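Commentary on secondary and tertiary structure
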Amino acid sequence: MKYGKLSPCLDRLLIIASGPSAGGLVFPDVLPVMAVNGAIDGLKRADYWFTLDPSQGNRARMEKPKQGTTYLCAAGPQQALNVKGSQIIFLRRLPGRGISEKPDSVMTGNSAFGALQVAVLLGAKKIGLVGVDATKDEYWHGPGRSKSLEQLPAMMSCALPQLMRKGIEVRLGSVYDKPRVTCFRAMSPPDLVEWLCAK
C-alpha cells in the first residue's frame, strides 16, 4: 500500500477529542479543526479527522466520510487493508516516543497524541487541545467512555522538548480544576478558542 505524506499548510489547529471538556464548544468557521475518533460524530464540521485506532467504529466513520473533511489514519499495512474507502490518507504507525519527524509517519500511543503529531507535520505553530482530559468520564458526543488513559500525560510531556525547539505553542482547554495533562498551559475551552483565533 502507498502511504501519504503531510506538508505544512496551516499555522494553527484546534484538536477536538472525546473528553467532556469539548462538550458544547463553539468555534468560528475560519478556525481549522481536527476531530479525533468519535468526536466527529458531534461536530457540524471538521477540516480533518484522525485516528490511530482502526476499530470497527472508526472504520465505519472512514467508510461514510463527512463532506469537506480530510480523513487520516495511522495504521499498519494489514490494518489498512481492512478499511474500505479511497478518500483516506494512511500514515505509517511507528513505535517510539515523542513526535515523528517523518512526513508519512506518526508515533504510536493514543489518537489524541497522534493528532498532535499530525498538527505539527501540517505546520501548526499554535495548537489547541480540547477533550483531551485523560479521564474515564463519558464522551461529550454520545454514549461511551475511554479505556485507561493513564499514560497520556506522560506521552504529551515527552513531546514538550521537540515542541519547544520548533517554536510550537500548545494549550489545553479544560473544565477541570486540576487537569491530568499538566505539561501544557490550561484554560477554559472558550478562552482556548479565543487564543487560537488571536493574531
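Check the entry above for the structure.
Structural notes, computed from the coordinates. (Residues numbered from 1 in each chain as written. Predicted model: local features only at pLDDT ≥ 70, side-chain atom pairs only at ≥ 80, totals over all residues. Heavy atoms only, no water.)

Concerning the sheet that holds strand S6 (residues 105–107)
The strand order S6-S5-S4-S3-S2-S1-S7-S8-S9 describes an open sheet built from nine strands, whose pairing is parallel. Where the open sheet ends on each side, the last strands, each with one partner, are S6 and strand S9 (185–187). With direction set aside, neighbouring strand axes in the sheet form an average angle of 25°. Bridging between strand S4 (residues 70–74) and strand S5 (residues 88–94) involves four bridges; their strand directions are parallel. Bridging across to S5, Cys-73 finds its partner in Phe-90. Running over the sheet, helix H5 (residues 189–197) touches strand S1 (12–16), strand S7 (126–130), strand S8 (169–173) and S9 and is turned about 165° from S7. (Pairing = 2+ DSSP bridges. Helix = DSSP H or I, 4+ residues; strand = E, 2+ residues; numbered from the N terminus. Axes fitted to C-alpha atoms, helices over the stretch in contact; angles between N-to-C directions. Contact = heavy atoms within 4.5 Å.)

Structural notes on unusual backbone geometry
Peptide bonds are trans in most cases, and residues, glycine excluded, mostly fall at negative phi. Even without glycine at this site, Asn-37 takes up a positive phi of about 50°. Among the structural elements, Asn-37 can be located in the loop between strand S2 (33–36) and strand S3 (48–51). For Asn-37, a relative accessible area of 18% gives the class buried. The backbone phi angle of Ala-134 is positive, close to 55°, even though this residue is not glycine. Structurally, Ala-134 is set in the loop between S7 and helix H4 (152–165). (Buried < 20%, exposed > 50% of the residue type's maximum accessible area, 1.4 Å probe, protein only.)

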